[in-house]
Amino acid sequence: MFPVILVLLLMADRCWCVDHIYHVKENNDIHSYIGDIATDTHLLDNVPFSDDGNRLTFNVLQGSTDGTVQLFNVTSGGQLYTAAILDAETMCQYNVECFRILEIAVQNSHSFIKILEIKVMIEDINDNYPIFPNKEFHIQFDESVTKGIKEIIPNAIDSDISNQNSKLIYQLKYDEDIPFQLFVSKKLDGSDLLQLTLEGNLDREVKDIYKFQLIALDGGTPPKQGILDIKILVGDKNDNSPVFSQNIYNVTLNDTYQVNKPVLKLSATDLDTGENGRISFAFNSKTPSRVKKCFQLDETTGELFLKKEFSFGKMYELFIEASDNGKPPMTSVVTVLISGISHLNNPPKFHVRFVLKSTGNTAIISEATQIHNFVAYVKVIDNDNGVNGQVKCHLQDRYLQLISMSEKKYKVVVKSEIDRESEKRFKFTIKCQDNGLPPLKVEKQFSMLVTDINDVQPQFTQDIFKFLTYENEHKDFPVGYVNATDPDIGDGGQLTYSLLSNGKDILPFQISDVGFISTTEALDREEKNMYEFKVLVKDKGTPSLENTANILVE
């Protein structure tokens, strides 16, 4: 039945991109139940119930070296739980699918079945309020301006990552009639563009200040709101935004590029004059901190330089804003894409994750582990281009072998029987080498501690023990000593002795726990001058193993 199960599971494996998708809301308590992997992936549909306990077990692959906190736990039966409080805003970016992939080994007893890739979607909840850059905003309108003129006011930002919870609507709140209306549109980067439209005439001598509030409501249920107090002064104002020379900048670099030269010089113009037309450049808040660390931006000239943290073989997306020096300033944002192509050869890297209990580079394996059993998962990383990124890995060991699963993915399995009595600990080395000229390689050494099972039968020091004793001696008179050994440890090496009679008569002898034979009564040579029987030795292992030896007493 097991080969049929294995074939069905392997056929299913060809059809899945990920094996199952779960959804969990952020900020749930630790140890919150997510789902039953065995049931939800329908693995059990192809595995009939077995009374002998031959069932599937599940293990999250261990061995991560990136220092991240473990977010999920899975039981041996396949129940998935959270292991930490999930915060979508910390884990993921705005309006990008928020998920983590778990690699889970499925086994039948000790036989490797497959590795499941489980996708856990972290759903955003509405736990952030819309926030304006400042609590108050002051703006000026020239009293001589005509109806229909528009002035930009700040928009709010909601840190929630889902589109629904961060989507904002705006409305004005005022206690008296005001000659303004709110007009909302979108900028090129997708952020809100808020403008106040003048719908009446301004007369500074009649009223020189207008005060009201701008309310930002998000799309959550229930919605949260942010408030901006607006104060309008009748006067002149900066009314033009900087305009970049391109809507998007796309730059490709190779690894021979000179770091001290700018990779790009941004250009923007502003129709305003004076301070209202003086432009400075800065990274927009949408640019992740990890990306900012790779670049240096000259805020005056708009020149963009590489820093040592920049890695070739990757693509970076930056958002850069140009702001004038008006009060308040006008801002425009442009997208910059920078691709770094590497022609250099860097050594490969690989990570090993054991399905066995492990600490660092040491794992524990039972000598009962069967041949072909799955031991560890090896994933190779080499971002070099061409043959420089083609990697092969090797493992030479008496007990283990490395089998390729796909490009840059391997599994470690048992290839020969493991005997703790002959080797209590063994080491193995995995070596990975690329096809560059010259080839570069990396190797790591691992240790396996072998645990014992009761697999050795006790052995007497000889097959026949002969003893001579005397008649008419008292009870408990010593007759002789038998000895057996067992190299197993623990209960498997602890021995007990007992006597076996060859006939129906009761033997006049007894044996102690350490093998001393003595009489239970006085012997009479005229009645019987020779005794033949067997001694049985058993260990305390599970299952117990035993042996016998012949005893001759004259």
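Basis of the calculations
Residues numbered from 1 in each chain as written. Predicted model: local features only at pLDDT ≥ 70, side-chain atom pairs only at ≥ 80, totals over all residues. Heavy atoms only, no water. Helix = DSSP H or I, 4+ residues; strand = E, 2+ residues; numbered from the N terminus. Rg over C-alpha atoms; globule rule 2.2 N^0.38 Å. Buried < 20%, exposed > 50% of the residue type's maximum accessible area, 1.4 Å probe, protein only. Contact = heavy atoms within 4.5 Å. Areas by Shrake-Rupley, 256 points an atom, 1.4 Å probe, with all protein chains shown as cover. Lys, Arg positive; Asp, Glu negative; His and termini not counted. Charge placed at Lys NZ, Arg CZ, Asp CG, Glu CD. UniProt positions renumbered as here; feature names shortened; annotations may be inferred. Salt bridge = Lys/Arg side-chain N within 4 Å of Asp/Glu carboxyl O. Domains from an automatic or database assignment. Core = buried A, V, L, I, M, F, W, Y, C linked by side-chain atoms within 4.5 Å. Phe/Tyr/Trp six-rings, centres within 6.5 Å; stacked < 30°, edge-to-face > 60°. Lys NZ or Arg CZ within 6 Å of the ring centre and 35° of its normal. Patch = residues over 30% accessible without salt bridge, like charges linked within 9 Å, V, L, I, M, F, W, Y side chains within 5 Å. Disulfide = S-S within 2.5 Å. Pairing = 2+ DSSP bridges. Axes fitted to C-alpha atoms, helices over the stretch in contact; angles between N-to-C directions.

## What to know about the overall build of the protein chain
And step 1. In terms of regular secondary structure, the protein chain is built from five helices and 41 strands.
And step 2. Taking 2.2 N^0.38 as the reference for a compact globule, 554 residues should give roughly 24 Å; the C-alpha atoms of the protein chain span a radius of gyration of 39 Å, well beyond that estimate.
And step 3. Across the 554 residues of the protein chain, 42% fall into the buried class.
And step 4. Contacts in the protein chain between residues at least 24 apart in sequence constitute 66% of all its contacts with a sequence separation of at least 6.
And step 5. Of the roughly 31,000 Å² of accessible surface on the protein chain, a fraction of 49% belongs to carbon and sulfur atoms.
And step 6. One way to put it: in the protein chain the 55 positive side-chain charges average out to a point 5 Å from where the 78 negative ones average out.

## Section: the UniProt feature "domain: Cadherin" (unreviewed entry) in the protein chain
And step 1. Summarizing the sequence annotation, UniProt attributes the feature "domain: Cadherin" (unreviewed entry) to residues 38-132, 133-244, 245-350, 357-460 and 461-553 in the numbering used throughout.
And step 2. With 4% helix and 43% strand, residues 245-350 has end C-alpha atoms that lie 44 Å from one another.

## A word on the environment of aspartate 476
And step 1. Positionally, aspartate 476 belongs in the loop between strand 34 (464-467) and strand 35 (478-481).
And step 2. Setting aside residues up to four positions removed in sequence, aspartate 476 forms contacts with Gln510, Ser518 and Thr519.

## Notes on the pattern of salt bridges
And step 1. Evaluated as defined, the whole model comprises nine salt bridges.
And step 2. The salt bridge involving arginine 398 is made with glutamate 423; its shortest N-O contact spans 3.6 Å. In this pair, arginine 398 is assigned in the loop between strand 28 (391-395) and strand 29 (400-406) and glutamate 423 in the loop between strand 30 (409-414) and strand 31 (425-434), connecting sequence segments 25 residues apart.
And step 3. Judged by relative accessible area, glutamate 423 falls into the partly exposed class, the value being 25%.

## Section: the domain arrangement of the protein chain
One frequent convention defines the size of an interface as the accessible area lost when the parts assemble.
And step 1. Split into domains, the protein chain comes out as domain 1 (20-123), domain 2 (136-235), domain 3 (244-341), domain 4 (349-451) and domain 5 (459-553).
And step 2. Inter-centroid distance (C-alpha atoms) of domain 1 to domain 5 is 57 Å.

## Focus: the nonpolar core
And step 1. Core analysis: the biggest nonpolar cluster contains 34 residues, and Val375, Leu400, Ile430 and Met448 have the highest contact counts within it.
And step 2. At six residues, strand 27 (residues 374-381) tops the list of elements feeding residues into this core.
And step 3. Counting contributing residues, this core receives three or more from each of domain 1 (20-123) and domain 4 (349-451).
And step 4. When neighbours within four sequence positions are excluded, isoleucine 430 is seen to be in contact with Phe350, Val352, Val378, His394, Leu395, Leu402, Val412, Val442, Glu443, Lys444 and Phe446.
And step 5. Listed in part, the 27 residues of the second largest apolar core include Leu80, Leu86, Cys92 and Ile118.

## Some remarks on the packing of aromatic side chains
And step 1. The full count for this structure, using the stated rule, is 18 aromatic pairs.
And step 2. For the pair tyrosine 33 and tyrosine 81, a centre-to-centre distance of 5.5 Å together with 65° between the ring planes defines the contact as edge-to-face. Within this pair, whereas tyrosine 33 is found in strand 2 (residues 33-36), its partner tyrosine 81 is found in strand 5 (residues 79-82), the two being separated by 48 residues in sequence.
And step 3. For tyrosine 33, a relative accessible area of 48% translates into the label partly exposed.
And step 4. For tyrosine 81, a relative accessible area of 28% corresponds to the partly exposed category.
And step 5. Through a chain of ring-to-ring contacts, three or more aromatic side chains come together here, namely Phe141, Phe180, Tyr210 and Phe212.
And step 6. The positively charged end of lysine 224 is found above the aromatic ring belonging to tyrosine 129, 4.5 Å away from the centroid.

## Some thoughts on a negative patch on the surface
And step 1. A surface patch of negative charge is lined by Glu143, Asp203, Glu205 and Asp208.
And step 2. Looking at where aspartate 208 falls in the secondary structure, it is placed in the loop between strand 12 (192-198) and strand 13 (209-218).

## Some words on the state of the cysteines
And step 1. Enumeration over the complete set of coordinates arrives at two disulfides.
And step 2. Covalent S-S linkage joins cysteine 393 and cysteine 432, the inter-sulfur distance amounting to 2.0 Å. An S-S torsion of about 110° defines the bridge between cysteine 393 and cysteine 432 as right-handed. Here cysteine 393, found in strand 28, pairs with cysteine 432, found in strand 31; they are 39 residues apart in sequence, far enough to count as distant.
And step 3. For cysteine 393, a relative accessible area of 7% corresponds to the buried category.

## Some details on the sheet that holds strand 39 (residues 516-519)
And step 1. Taken together, the three strands give an open sheet; going across it, the order is 35-39-38, and neighbouring strands pair in antiparallel fashion. Edge positions in the sheet fall to strand 35 and strand 38 (509-511), since each of these pairs with one other strand and no more. Each strand axis lies, on average, 20° off the axis of its neighbour in the sheet, ignoring direction.
And step 2. Examined bridge by bridge, strand 35 and strand 39 share three bridges and lie antiparallel to one another.

## Let's talk about the environment of threonine 269
And step 1. Topologically, threonine 269 is positioned in strand 18 (residues 268-269).
And step 2. The spacing of threonine 269 and aspartate 324 is 55 residues in sequence and 9.5 Å in space, taken between C-alpha atoms.
And step 3. Excluding residues within four positions of it along the chain, threonine 269 makes contact with Ser241, Pro242, Val243 and Ile279.

## Some details on the pairing of strand 5
And step 1. The two faces of strand 5 differ: Leu80 and Thr82 on one face are buried, but Gln79 and Tyr81 on the other face are not.
And step 2. Bridge count for strand 2 against strand 5 is three bridges, and the pairing is antiparallel. In the sheet register, tyrosine 33 faces strand 5, and the bridge partner there is tyrosine 81.
And step 3. Both strand 4 (residues 72-74) and strand 5 contribute to a ladder of three bridges, which runs antiparallel.

## Quick notes on unusual backbone geometry
And step 1. Backbone torsion omega between lysine 327 and proline 328 reads 0°, so that peptide bond is classified as cis.
And step 2. The residue proline 328 is located in the loop between strand 22 (315-324) and strand 23 (331-341) in this model.
And step 3. Geometrically, the link from leucine 437 to proline 438 is a cis peptide bond, its omega value of -5° lying close to zero.
And step 4. Checked against the element boundaries, proline 438 lands in the loop between strand 31 and strand 32 (441-451).
And step 5. Positive phi outside glycine occurs at lysine 408, with the angle close to 65°.

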